[in-house]
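# What the coordinates show
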Amino acid sequence: MSFIPNTDADRARMLQTVGTSSTAELFHDVPASHRFPTLDLPPALSEQEVLAELDRRARRNAHEGPCFLGAGAYRHFIPSVVDYVISRSEFATAYTPYQPEISQGTLQAIFEYQSMIARLTGMEVSNASHYDGATSTAEAVIMALNVAQGERRGVVLSAGLHPHYREVVRTYTQGMKLEVTGDDADTGPSELAGSCTSSTACVVVQNPDFFGRIISPSDMAALAAAVHAAGALLVTVVNPISLGVLVPPGEAGADVAVGEGQSLGNAISFGGPYLGFFAFRREHVRKSSGRIAGETVDHDGHRGFVFTLSTREQHIRREKATSNICTNQSLNALAAAAYLAAMGPGGLRQVAELCWHKAHYAARQIAALPGYSVQDGEFFHEFVARCPRPVAEINRRLQEKHGIIGGYDLSLNYPDRKNQMLLCCTELNSREQIDGLCAALSEVGNG
Amino acid sequence: MSFIPNTDADRARMLQTVGTSSTAELFHDVPASHRFPTLDLPPALSEQEVLAELDRRARRNAHEGPCFLGAGAYRHFIPSVVDYVISRSEFATAYTPYQPEISQGTLQAIFEYQSMIARLTGMEVSNASHYDGATSTAEAVIMALNVAQGERRGVVLSAGLHPHYREVVRTYTQGMKLEVTGDDADTGPSELAGSCTSSTACVVVQNPDFFGRIISPSDMAALAAAVHAAGALLVTVVNPISLGVLVPPGEAGADVAVGEGQSLGNAISFGGPYLGFFAFRREHVRKSSGRIAGETVDHDGHRGFVFTLSTREQHIRREKATSNICTNQSLNALAAAAYLAAMGPGGLRQVAELCWHKAHYAARQIAALPGYSVQDGEFFHEFVARCPRPVAEINRRLQEKHGIIGGYDLSLNYPDRKNQMLLCCTELNSREQIDGLCAALSEVGNG
Amino acid sequence: MGEPLLFEKSRPGRAGVSVPSRDVPATEIPPALQRQSLPLPEVAEVDVVRHYLRLAHLNYCVDEGLYPLGSCTMKYNPKVNEVAARLPGLARIHPLQDPSTAQGAMELMADLQAMIAEIGGFHSVSLQPSAGAHGELVGILVIKAWHAARGDTKRTRILVPDSAHGTNPASTTMAGLEAVEIPSDSRGNVDLLHLRAQLDERTAGLMLTNPNTLGLFDENLLQITKLVHDAGGLVYGDGANFNAILGVAKPGLMGIDVMHFNLHKTFSTPHGGGGPGSGAVGVVQALADFLPGPVVASRGGGTGSARSGTAPRYEWRTPPRSIGRVKSFHGNFGVLVRAWTYIRMHGAEGLRAIAENAVLNANYLQARLAGVLPIPHGDRTCMHEFVAQGKIPGAPDIRALDISKRLIDYGFHPPTNYFPLIVPEALMIEPTETENLETLDSFVEAVTTIAKEAVAEPDLLHEAPHTSPVRRLDEVKAARELKVTAGG
Amino acid sequence: MGEPLLFEKSRPGRAGVSVPSRDVPATEIPPALQRQSLPLPEVAEVDVVRHYLRLAHLNYCVDEGLYPLGSCTMKYNPKVNEVAARLPGLARIHPLQDPSTAQGAMELMADLQAMIAEIGGFHSVSLQPSAGAHGELVGILVIKAWHAARGDTKRTRILVPDSAHGTNPASTTMAGLEAVEIPSDSRGNVDLLHLRAQLDERTAGLMLTNPNTLGLFDENLLQITKLVHDAGGLVYGDGANFNAILGVAKPGLMGIDVMHFNLHKTFSTPHGGGGPGSGAVGVVQALADFLPGPVVASRGGGTGSARSGTAPRYEWRTPPRSIGRVKSFHGNFGVLVRAWTYIRMHGAEGLRAIAENAVLNANYLQARLAGVLPIPHGDRTCMHEFVAQGKIPGAPDIRALDISKRLIDYGFHPPTNYFPLIVPEALMIEPTETENLETLDSFVEAVTTIAKEAVAEPDLLHEAPHTSPVRRLDEVKAARELKVTAGG
Ligand SMILES: Cc1ncc(COP(=O)(O)O)c(C=O)c1O
Ligand SMILES: Cc1ncc(COP(=O)(O)O)c(C=O)c1O
């Protein structure tokens, strides 16, 4: 298949204008010895054939049965209107709005996205997006370093922060000569507060944490106070669906709220493209990274939107930029905005409550199964179940015999958490599915 | 779910303006005894739930395996661009372009559709669509009656015309006191020509006919000459994909070319919505039915399009209209236009050729199977196979054991065609599928 | 800056698709069978996309704003409908598949038949007709067949109120009967005196649109249906306006013997620039045997399938005295899927809320426009729509058309013009239930401003629209020159 | 007539969705955990649709016409990509599913890793980075890690030509290295003298964009890469411009040690108003162990799955000396699906045709615009793009910006402005291969007309655009007042 409109006749005419006899000749600057190599690729397919090939691959991925996996990527119902919005050519096939006069659709949509994220997190400013929750967390750490003007090199990570996020923070900052600590032991907010020193730039906590546990608003406020007392920033990584019902980080005293926005109307899609949301207090705006849309007026005085504070960015400041980010996750942010617009505060709260009730129902049922127990404390829609056998074994049986995708095997990242499964329930898990899971767990656990 | 934006507060304000105390009161003209009955309907579902319900139903329909059914509805590959076009809100959520100034998109698209259909069929004029191939055929018969100014009451139908189409012609014309004949015996074009008299308004033939057989251009021309000599019109029902390679009816002397346009980019969708295309010679335009878009200029002299010759239509002429049609199949016509635009003459020809080669390959293979034989003569992509057992039995085994949907059981409409199966191959049937069918037929036929 | 025709963009050798290569041996196609040329446009995929995107931008649509086209029920149609109709298990099934392999689709149709019957108060429903007019033809043929079955062949006349849609008399003629016009009375109801005078042994039936095209619920409905029945006729209901009384009244219980439902209007299929639709027909028990077939019938019992060895639950059945098919296969299934989805998402209460809000919106607009435009029946409570007149005091040469075209400049689709025929300069306004109060208010504001402009600056209206992709078009030239194909 | 903000359309109690009701017993949510208010907009589904449709109508996009935004490769992206990425078996799988239940997705990724490696001449590929800049960070970290692994910790400097994109120095800084600028020579190549002068034992590497942002293929490429290697450094390739040499040359064989591919540019993901993208990174063998992981590895053998009892063929493997993850999970899979689809539809010849046509289109435009605008390197054959200057003789106060804004009035998206920084008043023009000759000609015509207008009527340009939804916007006010949220 070729998507090239020009024909041989067109090319002949153009070559004449250019004054060259063949297109091959246009590449004379390419070293002759390297020009036109053979490419060992499978033969070209027509659209019909390529879709058939894709279908063959798609069928080999389990995706129709019940699924209780979360651990940073969540299956939620996406109202049809969301895909309608992001499928519109005018959004999908435009690029970064470098020409605001013919990009007001994108710019206003981003401005609205920022406003919704700010309100959802209780923060004052949101950027236009980062790549995902993990990189957004790393960018938050870098922002904290910049706020401290390079004077503080300590970063305290909670052990409850998603292991991928902790790894990405380390990858991002490996050249920066930092001390990244805190996550070697599973401690509570007060211990974290204690490890904050005068060289700490920020403390990063996740809420609900990777194990599903909720840090209460009062604990969070106490932590924030301690962090602030040490002159550092409190970065919180939050689940945006949970904010349909839970106290937002802004109210609990956090300085930065970041996280994975995938749950907001983005397909789970094997891990991406997702959405790193990034919100913070206004005072830090000049140290922040990523694009920000702002309101202004046009030549005739009409309201309009532009990207603003670009002097923070790489295309102006180059090596002094707050980040290297250029292409971000704009269409995913649009999906999140359309999702939040469709859900509204009522719908989002209802979904959050359904998650809560279903997860708690599941936890109670599982706790009652012989050989199983469930971790204590408040949680939102994820919880840790202690199982009578290795999780890998259980999951294999769940999949093979019941077509169920079980929870996350925590021993993959935490060798000491043998036989611990991280389970997630959302509005997509019906009672029937949960009961089915429990029956299967009971059978598998004792079989 | 409710798609109503107004809230109780909005309604209260509006009721005040209207001067009524409740919405219920607005229905005082409805006889009190009949007002607000109970409706015994299942409870309302959310979007998530309704999609789950639909999914449950969709899974109970076989649709993933090989299929060799045709008989008037055809599975063809639909390029993604077609659904892209018809999904655009501006096309999908507008109505009949009563206000041409804000409907030029629809009107120009229809004008182009008409042009493409005219060229495809070799005719001069096409309308904007009829409901489907069957009703288009009935409308062609009615047009012929009108051309004959009510002086001729005879309609000759070929037995090779799709049984549904013959039935619909009879249903449509049952109040018109006609003589509809010709289809009681399976005769060739020359016999049909012979049955044409001075009271015949039209002869209707299908090409390729219901059994897949092709009437050659010379036979068609001879038929046309005979029909015209009798003062009647020749109506041909044609398969639009076949016209990618076969001589079009206009060139073979037909006066009207109608047919089922579903194959042109429309989903097979269990039988509808489809597309009745309707093309004819210019001299009959004032007797034709259905909407027609025409070119004109606007107030400033710019080219534009409007519906024209509306005086033929029900909204002007009421009981004297050439048809009662109002809502037609506009979005299906748009799909056909987008399909033809994407395919172009080359692509359409390639698809037609693939259909030809695959069907002929299949026919040769099946003819070689013990117990099977294949009907003689030229065919396009459908042919009749004589089987060693009842088709229903064979099909059941094909489906149950091999997941194959076999051909159409001709005995359902033609009791004398016992054990005859009408098979169709299109570009969607790979050689592997055809070989699989043959192996299965062989097994089933002798099992 | 109009968009060129696809034909004008064509260049030899361009193509918008690639087709798989042949994987079977070739079989010669006899040259005598082959066409010599096929002058379709040759364009690349990008050209196709851009062409239709640019054309799309020339259209106004419901997804953009208010589309108060009376009689057309241009409500917002939920996006989930589009997902539903495209599910591969629904969109990729062949209509002639063995019923055992299509039980899900047939169950959906059986559900829909039952739900429509329940909503309309009918005994049986056929989903075969493709649109309202198609349903009308079915209904009149059913009425005719019923009389014929009773040996009564003298009933050749169908009474049609003068406010009826053009499809009603046209359908009557197609069915081989004679349409006889019945005037409306001063309150917009069927004139009972005239009706009585026309009812006799030649009367096959009455075609009644209720609420009628004035947007009024006939105050004498029960009397009318009784009169017709007493005269030996049947009553056909044109259900185009059913949105107004959804869940509020069941026509089948009020003397309507046969009625079509415009599923695309009431039950939300986007109108597609003029279709497709569905004109499902409901009938009372006496007429059930005459419906076009096949319809879906349930054997009761399990949901057996060929695989499970039990007989499938749903089967095709043609009513014993059917008037015959009116369409190949079983109806516009894709539209039926949308209707099913819509009804299942609403339930009984939700449906009634549709009617209540549609009617409230119309009455609100009627009340607010009362001082701005003449509204002949503005003294009555309207249903889902009302008919104003495009006449403005102090602007004698302003017509309904001028007001309509000027509304375009204000960003609105105009109302239906010049229909019903019995109201001079008719502006038929149907807001539907999916418009919010703010939109209705801004429409009122626009009409009010236009009424002032009509007096102060009438040419603004005469020359409107000013902001649309094209200005007013020369329809006379179109009809005279009759250029109906490219280059033709 | 701007579109109001969603917040301005909000009315208490409106809602755009319904949520299923609870089917499990309730569990109290402790009040102390609950937020008190959540001031998101409250609108109906119809409002959402209309809002975004109206916003959409304010945008220009590739599906509408030419978008010659240099360095961004705004080609037309096939619609099949969108279907592919949405297949439920690809879009609805969880990234942490057991590999045995995701072999189809992993095979697709393995294919893509292998195809990109083959196309680029690399040994290994990681699909994890989310965009070009992300790939740059990975590449520089890999270079750094390679040096470190050899115990060479003095190499702290990355040489970056002055024509480079801002992401290159920014990525260098993020990686904790120092960016050192290298000037370009008069032919637009890297200045060899300066390069040599900077190469020493502190050199970690060079970041080379080739073709560079002037649209030129560096005439000394092999010499450059050799010089860097000889000095103990590595060469990073910024693959943003890879579209120009797709199938024409393999960077991995010409001395590029590590390179990112902007899959969204070269391999056709619609740019989404600014993303998502994918910055897949290819490396030569020596660097393979340092890639971020996990990547997909094949065990060879059958396509086993848990069900069949055999071990799954594809597994996750983290390279032994990986710099670490740069993203949660495995990469922007939806973008990868599109790239896979695109490559599979083209094959080797098809890919080369992309480059040839992209380069021909650019050279055609360069040749035709040569007389109209100054083109500093117009004497050379350009690659996929070229840089003109927005300077018009006889119109001293006309700038690149004015010409760009005026192009909007002619229905085109402007070129990239003011980049690369080394060309004053840069207009960087990249037509891509999906534009046809007629479109290119009409662009030339527009620029030619504008050049005349610049002299005759300069205010037409200064005040342009005139036809866009808004006029020129006040960026100073935006930065000063910093209103970045609604009502905030
Ligand atoms: C009152 C009335 N009756 C009948 C019809 C015909 O319905 P359809 O267009 O679906 O054939 C219409 C259509 O607009 C109508 O408004
Ligand atoms: C030359 C060049 N390098 C790097 C980048 C950064 O790529 P991305 O935007 O995908 O991060 C760009 C983007 O426009 C570019 O043009």
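Look up: the structure comes first, before these words.
Residues numbered from 1 in each chain as written. Chains lettered and ligands numbered in written order. Predicted model: local features only at pLDDT ≥ 70, side-chain atom pairs only at ≥ 80, totals over all residues. Heavy atoms only, no water.

### Quick notes on the sheet that holds strand β12 (residues 426–429) of chain C
The strand order across the open sheet built from three strands is β10-β12-β11 (chain C), with neighbouring strands paired in antiparallel fashion. With one partner strand each, in any of the chains shown, β10 (386–389) and β11 (416–417) of chain C form the two edges of the open sheet. (Pairing = 2+ DSSP bridges. Helix = DSSP H or I, 4+ residues; strand = E, 2+ residues; numbered from the N terminus.)

### Details of the sheet that holds strand β2 (residues 154–157) of chain B
Residue and element names in this part refer to chain B. Ordered in space as β1-β7-β6-β5-β4-β2-β3, the seven strands form an open sheet in which the pairing is mixed. Because the sheet does not close on itself, it has two edges, and the strands there are β1 (125–126) and β3 (179–181). Two elements, strand β4 (residues 200–207) and strand β5 (residues 233–238), share six bridges in a ladder whose sense is parallel. In the strand pairing of β5, Val205 is matched with Thr236. Lying on the sheet, helix α5 (residues 104–121) is in contact with β1, β6 (256–260) and β7 (276–280); it crosses β7 at an angle near 70°. Where helix α7 (residues 163–173) meets the sheet, it contacts β2, β3, β5 and β6, and its direction lies at approximately 165° from that of β2. (Contact = heavy atoms within 4.5 Å. Axes fitted to C-alpha atoms, helices over the stretch in contact; angles between N-to-C directions.)

### With respect to the pattern of salt bridges
As a working rule, side chains carrying opposite charge can pair if their charged atoms are close by. All names here are of chain B. Counting across every chain of the model gives 119 salt bridges over all chains. One salt bridge connects Arg213 with Asp186, and the closest N-O pair in it is separated by 3.0 Å. Taken together, the positions of Arg213 in the loop between β4 and α9 (217–229) and Asp186 in the loop between β3 and α8 (189–194) put the pair 27 residues apart, joining distant regions of the chain. For Asp186, a relative accessible area of 41% corresponds to the partly exposed category. (Salt bridge = Lys/Arg side-chain N within 4 Å of Asp/Glu carboxyl O. Buried < 20%, exposed > 50% of the residue type's maximum accessible area, 1.4 Å probe, protein only.)

### As for the packing of helix α12 (residues 400–409) of chain D against helix α13 (residues 437–456) of chain D
Residue and element names in this part refer to chain D. Where α12 contacts α13, the axes come no closer than 10 Å and their chain directions differ by 125°. The orientation of α12 relative to α13 falls into the category oblique. Crossing handedness for the pair α12 and α13: right-handed. Every residue of α13 that contacts α12 at Ile403, Arg406 and Leu407 is listed here: Phe443, Ala446, Val447, Ile450 and Glu453. Considering only residue class, the contact of α12 with α13 consists of six nonpolar, no polar and two charged. (Parallel < 35°, antiparallel > 145°, perpendicular 65-115°, else oblique. Left-handed = near helix turned anticlockwise from the far one by under 90°. Nonpolar A, V, L, I, M, F, W, Y, C, P; charged D, E, K, R; others polar.)

### Digging into the interface of chain D and chain A
One frequently used descriptor of interface size is the decrease in accessible area upon assembly of the parts. At the interface, 199 residues of chain D touch 184 residues of chain A. Between chain D and chain A, a total of about 16800 Å² is buried, with carbon and sulfur atoms accounting for 64% of that surface. For D:Arg380, the salt bridge identified is with A:Asp29, shortest N-O distance 2.8 Å. Taken together, the links from chain D to chain A amount to 93 residue pairs in polar contact (both at pLDDT 80 or more). (Buried area = accessible area lost by both parts, 1.4 Å probe. Polar contact = N/O pair within 3.5 Å; in protein donor to acceptor, adjacent residues only side chain to side chain.)

### Section: the environment of C:Val296
Residues and elements named next belong to chain C. Summarising the element assignment, Val296 is placed in strand β8 (residues 295–298). For the pair formed by Val296 and Gly331, sequence separation is 35 residues and the distance between their alpha carbons is 11 Å. Setting aside anything within four residues of it in sequence, one finds Val296 in contact with Met106, Met109, Ala110, Gln113, Tyr314, Glu315 and Trp316.

### A look at the site of ligand 1
Lining the immediate surroundings of ligand 1 are 15 residues, of which B:Thr327, C:Ser71, C:Gly132, C:Ala133 and C:Asp238 lie closest. This site is not confined to one chain, since residues near ligand 1 come from chains B and C. Take B:Thr327: an N or O atom from its side chain is 2.5 Å from an oxygen atom of ligand 1. A distance of 2.7 Å separates an oxygen atom of ligand 1 from a polar backbone atom of C:Gly132. Surface burial for ligand 1 is 99%, taken as the share of its 390 Å² of free accessible area covered by protein chains. At three residues, the largest contribution of residues to the shell around ligand 1 is made by helix α6 (residues 132–149) of chain C. Grouping the constituent residues of the shell around ligand 1 by class yields five nonpolar, seven polar and three charged. (Near = heavy atom within 4 Å. Areas by Shrake-Rupley, 256 points an atom, 1.4 Å probe, with all protein chains shown as cover.)

### Let's talk about the interface of chain C and chain B
The interface of chain C with chain B comprises 199 residues on the first partner and 185 residues on the second. Summed over both sides, the interface of chain C with chain B buries roughly 16800 Å², with 64% coming from carbon and sulfur. Three residues stand out in chain C for area buried against chain B, namely C:Arg35, C:Met174 and C:Met345, and they jointly supply 5% of the buried area on that side. Applying the counting criterion to the chain C and chain B interface returns 13 salt bridges.

### Some details on the side chain of B:His164
Along the chain, B:His164 turns up in helix α7. In contact with B:His164, other than residues within four places in its own chain, are B:Ala134, C:Leu96, C:Arg325, C:Ser328 and C:Phe329.

### Some points on the site of ligand 2
Taken together, 15 residues lie near ligand 2, and A:Thr327, D:Ser71, D:Gly132, D:Ala133 and D:Asp238 sit nearest. Two or more chains meet at ligand 2, and those chains are chains A and D. Within the backbone of D:Gly132, one N or O atom sits 2.7 Å away from an oxygen atom of ligand 2. D:His264 has a polar side-chain atom sitting 3.0 Å from an oxygen atom of ligand 2. Across the complex, the protein chains shield 99% of the 380 Å² of accessible surface that ligand 2 would expose by itself. At the level of elements, α6 (132–149) and α10 (263–266) of chain D are the ones that each hand at least two residues to the shell around ligand 2. At three residues, the largest contribution of residues to the shell around ligand 2 is made by α6(D). For the shell around ligand 2, the class distribution of residues is five nonpolar, seven polar and three charged.

### Thoughts on the nonpolar core
By size, the foremost hydrophobic cluster in this structure holds 176 residues, and its most contacted members are D:Leu112, D:Leu195, D:Leu263 and D:Phe267. The greatest single-element share of this core, amounting to 18 residues, is contributed by helix α11 (residues 333–369) of chain D. In contact with D:Leu195, not counting residues within four places along its chain, are D:Leu159, D:Ile182, D:Val190, D:Leu206, D:Ile224 and D:Leu227. Listed in part, the 175 residues of the second largest apolar core include A:Phe77, B:Val169, C:Ala249 and C:Phe443. (Core = buried A, V, L, I, M, F, W, Y, C linked by side-chain atoms within 4.5 Å.)

### Focus: a negative patch on the surface
Residue and element names in this part refer to chain C. Negative charge collects at one region of the surface, where Asp397, Glu457, Asp459 and Glu463 lie side by side. Structurally, Asp397 is set in the loop between β10 and α12 (400–409). With relative accessibility at 45%, the residue Asp397 sits in the partly exposed group. (Patch = residues over 30% accessible without salt bridge, like charges linked within 9 Å, V, L, I, M, F, W, Y side chains within 5 Å. Lys, Arg positive; Asp, Glu negative; His and termini not counted. Charge placed at Lys NZ, Arg CZ, Asp CG, Glu CD.)

### Quick look at the packing of helix α6 (residues 133–147) of chain A against helix α7 (residues 163–173) of chain A
All names here are of chain A. Packing of α6 against α7 brings their axes to within 8 Å, and their N-to-C directions diverge by 50°. Compared by their axis directions, α6 and α7 come out oblique. Helix-helix and strand crossings are classified by hand; for α6 and α7 the assignment is right-handed. Every residue of α7 that contacts α6 at Gly133, Ala134, Thr135, Thr137, Ala138, Glu139, Val141 and Ile142 is listed here: His164, Tyr165, Val168, Val169, Tyr172 and Thr173. The residue makeup of the contact of α6 with α7, split by class, is eight nonpolar, five polar and one charged.

### Points about the pairing of strand β13 (residues 420–424) of chain B
Looking along a regular strand, one sees side chains alternate from face to face of the sheet. Residues and elements named next belong to chain B. Counting buried positions along β13 yields five of five residues, so the element is predominantly enclosed. Burial along β13 is two-sided: Gln420, Leu422 and Cys424 and Met421 and Leu423, pointing in opposite directions, are all buried. Direction of pairing for strand β11 (residues 382–386) relative to β13: antiparallel, over a ladder of five bridges. When the sheet's bridge partners are listed, Ala385 is paired in β13 with Met421.

### Things to note about the pairing of strand β3 (residues 178–182) of chain C
Residue and element names in this part refer to chain C. Two elements, strand β2 (residues 157–161) and β3, share five bridges in a ladder whose sense is parallel. The residue of β3 that forms the bridge with Ile158 is Ala179. For the crossover that starts at β2, traverses helix α7 (residues 167–174) and ends in the parallel β3, the hand is right-handed. (Right-handed = clockwise from strand over helix to strand, strands pointing away.)

### Examining helix α3 (residues 80–87) of chain A
Among the eight residues of α3(A), six are classified as buried, and the element is accordingly described as predominantly covered. Regarding α3(A), the residues found buried are A:Ser80, A:Val81, A:Val82, A:Tyr84, A:Val85 and A:Ile86. In this structure, the buried side of α3(A) is in contact with α4 (89–92) and α11 (330–367) of chain A, α2 (47–58) and α4 (89–92) of chain B, α3 (80–85) of chain C together with α2 (45–56) of chain D.

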